[in-house]
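Residues per chain, in single letters:
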Amino acid sequence: MEEYSQEDWGNHSQELHGYPTDQELDEIPVTKRTLKIKQESSEEAQKRDIMQNIVQILESVQLKWELFQSWTDFSRLHLSNKLAIFGIGYNTRWKEDIRYHYAEISSQVPLGKRLREYFNSEKPEGRIIMTRVQKMNWKNVYYKFLEITISEARCLELHMEIDWIPIAHSKPTGGNVVQYLLPGGIPKSPGLYAIGYEECIERPPSPRVERRTLDPGKEGRVDLETLSAQASLQVEIEPTRITYCYLGIAEVRTLQQCLFLHFQANTKTFSKDWVGINGFLSQNCIVDPGVSPKSIYIKFVEVERDFLSAGSLVECLEKAIGYPLKYNN
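Residues numbered from 1 in each chain as written. Predicted model: local features only at pLDDT ≥ 70, side-chain atom pairs only at ≥ 80, totals over all residues. Heavy atoms only, no water.

- The name recorded for the protein chain in an unreviewed UniProt entry is Myb/SANT-like DNA-binding domain-containing protein 2, from Bison bison bison.

Have a look at this one:
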């Protein structure tokens, strides 16, 4: 195993993780460098969030860490065709507690191949681990994994990588029934879809704004406008919190047909007796004067029909989000 100086190892680590080296940074103009660093910071934050979510799943199913014995362990394991969520951990001579080094969903590459890359000193991923063991940064290396099906892998992709789509609605003049307006482009193919909602929360005005409202002076009005603009900006940059309430499997019907039956049928043939997700959506259509319905969102991912029947999809999603789905009884 070749050794690195502190400077070489810093640049080598940057190369492994896709960061620009010090020499490359020096060649980038300051304005472009700032933009590049901000963009990379955003991407790194997103990667950390995904990794934390994967760690949460691994912890929730209470898997035991397996001690990594030798660099040839994984050539003997029969993992060649399995997909899985896996984690790699380590402890030190000072602390026996095992901490996560890395966690990943191996959904495109079989688990055996990915693990061998992390425990092979010839690979970039394995070189980092090997070096830290050799330099006594780490005492032991461990791994754990949970086998998943292709449909469960797509379900986790739906949760972690696909954005919510807001459902628009229109309200007929003089009526109290809201009509959902589904977006175009929903695939006519099998797959998985989720429905979520955002609670309407009334934000009380701040005491400072109330005091300024009573000030009849011009200066007070200008300050109030500035405060209102700042408050609006703060609301806009707050991330929307959407609660999952239903996971659908479009196996017999297409994604488009399933979502149409949930949303379009409700506004025309709604019934107070309906239960489950259709009951929730139909009751959300009926609003009192001056009251807005809950904001509804959808997301979907195409999955080949042959794979949809394999795996515990609802339980998989519930573990990933950390709470039960309200209408998947």
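**Observations concerning the pairing of strand 10 (residues 295-302)**
- Most of strand 10 is tucked away, with 6 of its 8 residues classed as buried.
- When strand 5 (residues 165-166) meets strand 10, the two strands line up antiparallel, connected through 2 bridges. Along strand 10, the bridge assignment pairs Pro166 with Tyr297.
- Sheet analysis places strand 8 (residues 191-198) next to strand 10, joined by 8 bridges and oriented antiparallel. Paired with Gly191 across the two strands is Glu302, which belongs to strand 10. (Buried < 20%, exposed > 50% of the residue type's maximum accessible area, 1.4 Å probe, protein only. Helix = DSSP H or I, 4+ residues; strand = E, 2+ residues; numbered from the N terminus. Pairing = 2+ DSSP bridges.)

**Topic: the sheet that holds strand 3 (residues 99-106)**
- On the basis of which strands lie adjacent, the open sheet formed by 4 strands has the order 1-4-2-3 and antiparallel pairing. Each end of this open sheet is capped by a strand with a single partner; those strands are strand 1 (66-67) and strand 3.
- The strands touched by helix 5 (residues 111-118) within the sheet are strand 2 (83-91), strand 3 and strand 4 (140-148), with strand 2 carrying the most contacts at an inclination of about 20 degrees. (Contact = heavy atoms within 4.5 Å. Axes fitted to C-alpha atoms, helices over the stretch in contact; angles between N-to-C directions.)

**Structural notes on the packing of helix 5 against helix 6 (residues 124-134)**
- Where helix 5 meets helix 6, the closest approach of the two axes is 6 Å, and the angle between their N-to-C directions is 45 degrees. Put simply, helix 5 runs oblique to helix 6. Packed against helix 5, whose contacting residues are Arg114, Glu117 and Tyr118, the element helix 6 presents Glu125, Gly126 and Ile129 at the interface.
- Along the lines of polarity and charge, the residues of the contact of helix 5 with helix 6 split into 2 nonpolar, 1 polar and 3 charged. (Parallel < 35°, antiparallel > 145°, perpendicular 65-115°, else oblique. Nonpolar A, V, L, I, M, F, W, Y, C, P; charged D, E, K, R; others polar.)

**Details of the environment of Gln179**
- If you trace the backbone, Gln179 turns up in strand 7 (residues 179-181).
- Counting along the chain gives 107 residues from Gln179 to Ile286, while the straight-line C-alpha distance between them is 9.4 Å.

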